[in-house]
Amino acid sequence: MVVLHRSTFALNPGFLVVNTLPGMVLFAVFFTRALRKLSRLVETLAEHKQTTSLEAFITLRRALIAGMCMSVAVLFIQTADFLMNDLAPWTWRYTWFPQDGASRLVFLLSLVGM
């Protein structure tokens, strides 16, 4: 997650990217590992014909994929926000969304989806 506070001491966008890139890669690895394990489990459940458990884990896999897609969208919103740091003065009212609102909305939608 990119954190940017608009103040008199602006951070260099390259510095922000270098600091957030390892975390993004780590979370991408976690998501892909979880998806692989979940896919293997779904295949095993399908072989053993456990339909109730199979439906639950397929739903969980869909929710995980949806959460990953939403987090990528938030990443793009936050990246665009700090790259366009020189916004007009009247846009201060809307800076809460890329900084806090988008990630909290994704969290809420993930909880509702589960």
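Draft legend 1. Geometry of the overall build of the chain. Along the chain, the regular secondary structure elements total three helices and zero strands. Counting from the amino terminus, the chain carries its helices and strands in the arrangement α-α-α. Out of the 114 residues belonging to the chain, those deemed buried represent 20%. Counting only contacts in the chain whose residues sit at least 6 apart along the sequence, the fraction spanning at least 24 positions is 62%. For the chain, the accessible surface area stands at approximately 8,500 Å², while carbon and sulfur atoms represent 70% of it.

Draft legend 2. Molecular detail of the packing of aromatic side chains. A complete count under the given rule lists one aromatic pair for this structure. Ring geometry for Phe27 versus Phe30: centroids 6.4 Å apart, planes at 65 degrees, classification edge-to-face. With Phe27 and Phe30 both in helix α1 (residues 13–47) and three residues apart, this pair spans about one turn of that helix.

Draft legend 3. View of helix α3 (residues 96–113). Taking 1.5 Å as the rise per residue, α3 with 18 residues should run 26 Å; its terminal C-alpha atoms sit 24 Å apart, in good agreement. Of all the bends in α3, the greatest measures close to 30 degrees and is centred on Ala102. As for α3, its buried residues are in contact with α2 (51–83).

Draft legend 4. Looking closely at the environment of Ala28. Within the secondary structure, Ala28 is located in helix α1. In this structure Ala28 comes out as partly exposed when scored by relative accessible area, which is 36%. In the structure, Ala28 is positioned 40 residues away from Met68 in sequence and 8.5 Å away in space, judged by C-alpha atoms.

Draft legend 5. Geometry of the layout of surface pockets. Estimates place the volume of the largest pocket at around 620 Å³. Considering the residues around the largest pocket, the lining is formed by 22 residues, among which Phe27, Phe31, Gly67, Ser71 and Val72 are closest to the centre. Those elements that place two or more of their residues in the lining of the largest pocket are α1, α2 and α3. Top element by residues in the lining of the largest pocket is α2. It accounts for nine residues. Partitioning the lining of the largest pocket into residue classes produces 16 nonpolar, six polar and no charged.

Draft legend 6. Layout of unusual backbone geometry. In this structure, Lys49 is a non-glycine residue whose phi angle is positive, near 55 degrees. If you trace the backbone, Lys49 turns up in the loop between α1 and α2. By relative accessible area, Lys49 is classed as exposed at 69%.

Draft legend 7. Spotlight on the confidence of the model for the chain. This prediction gives the chain a mean pLDDT of 78; 82% of its residues lie at or above 70. Within the chain, the element-level pLDDT minimum falls on α3, averaging 78, and the maximum on α1, averaging 86.

The rules behind these values
Residues numbered from 1 in each chain as written. Predicted model: local features only at pLDDT ≥ 70, side-chain atom pairs only at ≥ 80, totals over all residues. Heavy atoms only, no water. Helix = DSSP H or I, 4+ residues; strand = E, 2+ residues; numbered from the N terminus. Buried < 20%, exposed > 50% of the residue type's maximum accessible area, 1.4 Å probe, protein only. Contact = heavy atoms within 4.5 Å. Areas by Shrake-Rupley, 256 points an atom, 1.4 Å probe, with all protein chains shown as cover. Phe/Tyr/Trp six-rings, centres within 6.5 Å; stacked < 30°, edge-to-face > 60°. Expected span 1.5 Å × (residues − 1). Bend = angle between axes of the 7 residues up to and from the residue. 1 Å grid on protein atoms, 1.4 Å probe; cavity = no way out; pocket = protein on both sides within 12 Å on 5 of 7 lines; lining within 4 Å. Points joined across faces, edges and corners; volume = space filled by probe spheres on them. Nonpolar A, V, L, I, M, F, W, Y, C, P; charged D, E, K, R; others polar. pLDDT = per-residue confidence, 0-100.

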